[in-house]
Amino acid sequence: MCLIELKGLEKSYGKTKAVDNVSLQIMEGEVFGLLGPNGAGKSTLISMVTTLISPDSGEIVIKGNSLRKKTGEIKKLLGLVPQEIALYPTLTARENLMFWGRMYGLGGALLKERVEEAFELAGLKERAGDRIDSFSGGMKRRINIAAALLHHPEILIMDEPTVGIDPQSRNHILETVLKLNGKGMTVIYTSHYMEEVEFLCSRIAIMDHGKIIAAGTKDELRKLVDERDIINIEAANAGNKVVEILKAIDGIVNASAEANTIKIIAQDAETVLAKVISTLDRERCKVHSINIEQTNLESVFLHLTGRALRD
Ligand code: ADP
Ligand code: MG
């Protein structure tokens, strides 16, 4: 089911078209990725969906209702993790979450329960009584995410939640996204990190200069690039005979062997891999290692824009 529909959204700042005629559908229960370089318009788009700014034109429909008409009702369904950390440095982590919980209309025993649940999720229970200014960047991020979940939103919107943090917190955040999604939460995940979006998201929109330049599943996006996957296999007895058998496999474009390394060029590595391995096994080529170079979202972006995704 379509949960969020964006129709022809536009937002300009002076002469800059920050968001330029964006139409998208986000389905219930998915992790939807919004991938684009700095300045692409991701935060501006997120700000319109979360009612922080209003669009110049276009419409946002959430669960069949126009956001413009039913703002209050719809806002309760949304949890926003903003790009800029929104915490009071001199208050403790618990005081911060209590504050945010009250902003969401929670109180009493329920508020306390939700705050403890949030610390559990952030993995920072033992630091609840410490001041925010004693936290690392990654820990602040995790509290920021916890704050967005206090009112149990149906949709979590995360704007570049892993920029400039330590790998441990980054992994914790990525796992948290998967955990929440596993419980049925719909997530919109904004990032300029291709690997994160590729790891987390079932469907992805690539944004550049305010426009959605491509959208679809990973496979659909990869198909936009006329590139092939490369499979490198180190195996014993890799000779001409096995190469000829491999070449005949449907989906394999070419194969060659040199010094016990087989190089296979395939339309899609994943679909031919099982056949390749069973062939090698049958031909008594003992496999020592396999390395797959797949077309990734970076190559898709490069193909569509002529530029690299990274600054
Ligand atoms: P992203 O989040 O993808 O990095 P933004 O949505 O922050 O991109 O910005 C998109 C474009 O809009 C950029 O060119 C940025 O400079 C401009 N922009 C964003 N917010 C404002 C603002 N409040 N005032 C003026 N220009 C803005
Ligand atoms: Mg941004």
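Being a predicted model, the structure only gives us computed values, none of them experimental. (Residues numbered from 1 in each chain as written. Chains lettered and ligands numbered in written order. Predicted model: local features only at pLDDT ≥ 70, side-chain atom pairs only at ≥ 80, totals over all residues. Heavy atoms only, no water.)

Topic: the pairing of strand E8 (residues 186-191)
For step 1, the next point in the chain: Taken across its six residues, E8 has six buried, putting it largely inside the fold.
For step 2, the next point in the chain: The alternating pattern of E8 places Thr 186, Ile 188 and Thr 190 and Val 187, Tyr 189 and Ser 191 on opposite faces, both of which are buried.
For step 3, the next point in the chain: Where strand E3 (residues 31-35) meets E8, five bridges bridge the pair, whose relative direction is parallel. Bridge pairing in E8 links Phe 32 to Ile 188.
For step 4, the next point in the chain: Across five bridges, the pairing between strand E7 (residues 155-159) and E8 is parallel. Of the residues in E8, the one forming a bridge with Ile 157 is Ile 188. (Buried < 20%, exposed > 50% of the residue type's maximum accessible area, 1.4 Å probe, protein only. Helix = DSSP H or I, 4+ residues; strand = E, 2+ residues; numbered from the N terminus. Pairing = 2+ DSSP bridges.)

Quick look at the domain arrangement of the protein
A common way to report how large an interface is uses the accessible area buried once the components associate.
For step 1, the next point in the chain: Segmentation of the protein into domains returns domain 1 (2-222) and domain 2 (228-294).
For step 2, the next point in the chain: Measuring from the centre of the C-alpha atoms in domain 1 to the corresponding centre in domain 2 gives 42 Å. (Domains from an automatic or database assignment.)

Some remarks on helix H11 (residues 297-305)
For step 1, the next point in the chain: The complete set of buried residues in H11 reads Leu 297, Ser 299, Val 300 and Phe 301.
For step 2, the next point in the chain: Here the buried face of H11 lies against E3, helix H7 (194-200), strand E9 (203-208), strand E10 (211-217) and helix H8 (218-223).
For step 3, the next point in the chain: Two or three places before Glu 298, at the start of H11, stands the capping residue Asn 296, its side-chain oxygen 3.1 Å from that residue's backbone nitrogen.
For step 4, the next point in the chain: Gly 306 sits one or two positions beyond H11 and adopts a positive phi of about 75 degrees. (Contact = heavy atoms within 4.5 Å. Polar contact = N/O pair within 3.5 Å; in protein donor to acceptor, adjacent residues only side chain to side chain.)

Here's the deal with the sheet that holds E8
For step 1, the next point in the chain: Spatially, the six strands line up as an open sheet ordered E6-E7-E8-E3-E9-E10, and their pairing is mixed. The open sheet terminates on both sides in strands that have one partner only, identified here as strand E6 (78-81) and E10. Direction aside, the axes of adjacent strands within the sheet are offset by 15 degrees on average.
For step 2, the next point in the chain: Along the sheet face, helix H5 (residues 137-149) touches E6 and E7 and points at about 165 degrees away from the line of E6.
For step 3, the next point in the chain: Strand contacts of H11: E3, E9 and E10, with the helix running at about 40 degrees to E9, the strand carrying the most contacts. (Axes fitted to C-alpha atoms, helices over the stretch in contact; angles between N-to-C directions.)

Looking at the packing of helix H3 (residues 93-103) against helix H4 (residues 108-122)
For step 1, the next point in the chain: Remark: H3 packs on H4, axes separated minimally by 10 Å, with the N-to-C direction vectors making an angle of 125 degrees. Judged by the inter-axis angle, H3 sits oblique to H4. With respect to the hand of their crossing, H3 and H4 are arranged in right-handed fashion. Between H3 and H4, the residues in contact are Ala 93, Arg 94, Leu 97, Met 98, Gly 101 and Arg 102 and Leu 111, Lys 112, Val 115, Glu 116, Ala 118 and Phe 119, respectively. (Parallel < 35°, antiparallel > 145°, perpendicular 65-115°, else oblique. Left-handed = near helix turned anticlockwise from the far one by under 90°.)

Considering the layout of surface pockets
For step 1, the next point in the chain: The computed volume of the largest pocket comes to approximately 550 Å³.
For step 2, the next point in the chain: If you trace the largest pocket, you find 18 residues lining it, with Lys 75, Leu 78, Leu 80, Trp 100 and Tyr 104 closest to the centre.
For step 3, the next point in the chain: At the level of secondary structure, the elements contributing two or more residues to the lining of the largest pocket comprise helix H2 (71-75), E6, H3 and H5.
For step 4, the next point in the chain: If you add up the space inside the second largest pocket, you get close to 310 Å³.
For step 5, the next point in the chain: If you trace the second largest pocket, you find 15 residues lining it, with Glu 117, His 152, Leu 180, Lys 183 and Met 185 closest to the centre. (1 Å grid on protein atoms, 1.4 Å probe; cavity = no way out; pocket = protein on both sides within 12 Å on 5 of 7 lines; lining within 4 Å. Points joined across faces, edges and corners; volume = space filled by probe spheres on them.)

Considering the coordination of the magnesium ion (ligand 2)
For step 1, the next point in the chain: Looking at the metal site, the magnesium ion (ligand 2) is ligated by Ser 43 (OG) and Gln 83 (OE1), spaced 2.1 to 2.2 Å from it. With Ser 43 in helix H1 (residues 42-49) and Gln 83 in the loop between E6 and H3, the pair connects residues that are 40 residues apart, well separated along the chain.
For step 2, the next point in the chain: Residue classification places Gln 83 among the partly exposed positions, given a relative accessible area of 28%. (Donors = N, O, S within 2.8 Å, 3.2 Å for Na, K, Ca; no water.)

Some thoughts on the packing of aromatic side chains
For step 1, the next point in the chain: Within this structure, the stated rule accounts for two aromatic pairs.
For step 2, the next point in the chain: For the pair Tyr 88 and Phe 99, a centre-to-centre distance of 5.3 Å together with 85 degrees between the ring planes defines the contact as edge-to-face. Residue Tyr 88 is found in the loop between E6 and H3, and its partner Phe 99 is found in helix H3; the two are separated by 11 residues along the sequence.
For step 3, the next point in the chain: Seen in terms of ring centroids, Phe 99 and Trp 100 are 5.5 Å apart; in terms of plane orientation they differ by 75 degrees. Their pairing is edge-to-face.
For step 4, the next point in the chain: The exposure class of Trp 100 is partly exposed, given its relative accessible area of 22%. (Phe/Tyr/Trp six-rings, centres within 6.5 Å; stacked < 30°, edge-to-face > 60°.)

Comments concerning the site of ligand 1
For step 1, the next point in the chain: With respect to spatial proximity, the complete set of residues near ligand 1 consists of Tyr 13, Thr 16, Ala 18, Pro 37, Asn 38, Gly 39, Ala 40, Gly 41, Lys 42, Ser 43 and Thr 44.
For step 2, the next point in the chain: Note that an oxygen atom of ligand 1 is positioned 3.1 Å from one of the backbone N or O atoms of Ala 40.
For step 3, the next point in the chain: A distance of 2.9 Å separates an oxygen atom of ligand 1 from a polar atom in the backbone of Ser 43.
For step 4, the next point in the chain: For the shell around ligand 1, the secondary structure elements donating two or more residues are strand E2 (16-27) and H1.
For step 5, the next point in the chain: Among the elements that line the shell around ligand 1, the one with the most residues is H1, at three residues.
For step 6, the next point in the chain: Class assignment of the residues belonging to the shell around ligand 1 gives a composition of four nonpolar, six polar and one charged. (Near = heavy atom within 4 Å. Nonpolar A, V, L, I, M, F, W, Y, C, P; charged D, E, K, R; others polar.)

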